[in-house]
Amino acid sequence: MDSVFADRPDRPSTLGGPGWVPRHDSHFTEVAAGTAWASCGYRAESDPLRAVLLARPPDSVGAVTDACGQLMTERVDLGRLRAQTDAVAEAFREEGVTVHVTHPPPDAPPNVIFLRDLFLATPEGAVLGRTASAQRAGEERHAALALATAGIPILHTVRGTASFEGADALWIDEETVLVSAGFRTNAAGVGALRRVLEEQRATVLTVPAGPGVQHLLGSMVPVGPRRAVLHAAAAGEELRAALRARDYELIEFEPDDEVVARRSLNIVTLAPDRVLMPDGCPHTRRRLEAAGVSTRVVDVGEYVRAAGALGCLTGILHRSAGRRPAARTS
């Protein structure tokens, strides 16, 4: 191709003459190298965390008077919530993670603070979700703007009557994404995700949504290679079978007050066998530490009032298995 352009000295650069430089790299290469796009995605949920997206809580959160009508459990103190957002961001930064913070407009839907639901980052770019509830309609465009600002390409926008929420999709090995089909993600949403991931040589395996949880992330969290924390009462037999077939070690927790009311398993894996978890859950923390999972805690009590916690509020942009700065102790 280069010789073809070299034979056109009489043409302007816009037509392939002198000054024209052909684009050789594939889209995947440009994303992986972080050249034309920012590096993003992952194929292992426990690979070291590199970059996340957080939302600065908009004024609309403080204006909520009907908590139930906005899918929250209690009214939220906006000032405390914003302070907790800042504390979460600082905890990630101290762990060597790049933090992108988006500022939705004051009238954005209040649940936009839960970015994990709004997209799934793949190694070639993001799949932009489509939320299942009417209260959350429109959050997707704020996520799209935030992703573009962070340099993340959007490969596909779920559309039609499909619904897909990112917290329903987890990599359980490098070729397989487990997707919970049902309450938040419907069959059409699974199909949309499957078509995107097939192009990346990945298989989508579906399991029913677990009882009493919003998303697959409420049933399990991978914390290491072939190792996962399980909410025992929310993990159905299909989920257990999929994990056992891949030789997973399961660290099971019964639905006590910490797991259910304080959302102690709503965590973010920072690296193999290291997690960021909600403060105020000493029993869960001791169990994790006894199982060899080191923990760092941060207060997210106002997020819990809004019916989420760390796993929900953190949009995962990038993981990779290369070198990672040494973590500070806490």
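What you see is a predicted model, and the numbers here were worked out from it, not measured in a lab.

1. Re the overall build of the chain
For the chain, the helix and strand inventory stands at eleven helices and 15 strands. The globule rule puts the C-alpha radius of gyration for 330 residues at 20 Å, and the 21 Å found for the chain is close to it. The principal-axis extents of the C-alpha atoms in the chain amount to approximately 75 × 45 × 45 Å. The long-range share in the chain, meaning contacts at least 24 apart out of those at least 6 apart in sequence, stands at 68%. On the chain, the mean spot of the 36 positive side-chain charges and the mean spot of the 41 negative ones are 1 Å from each other.

2. What to know about the nonpolar core
Counting residues in hydrophobic clusters, the biggest one holds 48 residues, and the most contacted among them are Phe 92 and Leu 193. Of all elements in the fold, only strand 1 (49–55), helix 4 (78–94), strand 6 (169–173), strand 7 (176–181), helix 6 (187–198), strand 12 (268–271), helix 10 (301–305) and helix 11 (310–313) reach the threshold of two or more residues within this core. Counting residues per element, this core draws most heavily on helix 4, which supplies six residues. In this view, Leu 193 contacts Leu 120, Val 127, Phe 164, Ala 169, Val 179 and Val 204; residues no more than four positions away in its chain are not counted. Core analysis: the second largest hydrophobic core is formed by 28 residues, Ala 167, Val 221, Ala 242 and Tyr 248 among them.

3. Points about the sheet that holds strand 9 (residues 220–224)
Strand order in this open sheet of three strands is 9-10-11, and the pairing throughout is mixed. What marks the edges here is a single partner per strand, and that holds for strand 9 and strand 11 (249–253). Averaged over all neighbouring strand pairs, the angle between strand axes comes to 25 degrees, with direction disregarded. When strand 9 meets strand 10 (residues 227–231), the two strands line up antiparallel, connected through four bridges.

4. A short note on the packing of aromatic side chains
What the rule picks out here adds up to one aromatic pair. The ring of Phe 253 carries Arg 287 above its face, with NZ or CZ at 4.4 Å from the centroid. The ring of Tyr 42 has Arg 319 sitting right over it, with the charged end atom 5.9 Å from the ring centre.

5. What to know about helix 5 (residues 139–149)
Among the residues of helix 5, Glu 139, Glu 140, His 142, Ala 143, Ala 144, Ala 146 and Leu 147 are the ones counted as buried. Trailing helix 5 by a residue or two, Gly 151 shows a phi angle of about 85 degrees, which is positive.

6. Focus: the side chain of Ser 219
Mapped onto the elements, Ser 219 comes out in the loop between strand 8 (203–208) and strand 9. Taking relative accessible area as the criterion, Ser 219 reaches 3% and is therefore assigned buried. A distance of 2.9 Å separates a polar side-chain atom of Ser 219 from the backbone oxygen of Ala 234. For Ser 219, the contacting residues outside a window of four places in its chain are Gly 210, Val 213, Val 229, Leu 230, His 231, Ala 234 and Leu 239.

7. What about the sheet that holds strand 13 (residues 274–278)?
The pairing of strands in a sheet comes from backbone hydrogen bonds and takes either a parallel or an antiparallel form. What the three strands build is an open sheet, ordered 12-13-14; its pairing is mixed. Only two strands of the sheet have a single partner each, and these edge strands are strand 12 and strand 14 (294–298). Here the average twist between neighbouring strands, direction ignored, is 30 degrees. Sheet analysis places strand 12 next to strand 13, joined by three bridges and oriented antiparallel. Considered in strand 13, the bridge of Val 268 is made with Leu 276. Those strands touched by helix 4 are strand 12, strand 13 and strand 14, and its axis lies near 150 degrees from that of strand 14. Contacts between helix 9 (residues 282–290) and the sheet are confined to strand 13 and strand 14, with strand 14 contributing the most and set at about 155 degrees to the helix.

8. A closer look at the side chain of Arg 240
Within the element layout of this structure, Arg 240 appears in helix 7 (residues 237–244). Residues in contact with Arg 240, not counting those within four places in the same chain, are Leu 230, Ala 232, Ala 235 and Glu 252.

Reading the values: the criteria
- Residues numbered from 1 in each chain as written.
- Predicted model: local features only at pLDDT ≥ 70, side-chain atom pairs only at ≥ 80, totals over all residues.
- Heavy atoms only, no water.
- Helix = DSSP H or I, 4+ residues; strand = E, 2+ residues; numbered from the N terminus.
- Rg over C-alpha atoms; globule rule 2.2 N^0.38 Å.
- Contact = heavy atoms within 4.5 Å.
- Lys, Arg positive; Asp, Glu negative; His and termini not counted.
- Charge placed at Lys NZ, Arg CZ, Asp CG, Glu CD.
- Core = buried A, V, L, I, M, F, W, Y, C linked by side-chain atoms within 4.5 Å.
- Buried < 20%, exposed > 50% of the residue type's maximum accessible area, 1.4 Å probe, protein only.
- Pairing = 2+ DSSP bridges.
- Axes fitted to C-alpha atoms, helices over the stretch in contact; angles between N-to-C directions.
- Phe/Tyr/Trp six-rings, centres within 6.5 Å; stacked < 30°, edge-to-face > 60°.
- Lys NZ or Arg CZ within 6 Å of the ring centre and 35° of its normal.
- Polar contact = N/O pair within 3.5 Å; in protein donor to acceptor, adjacent residues only side chain to side chain.

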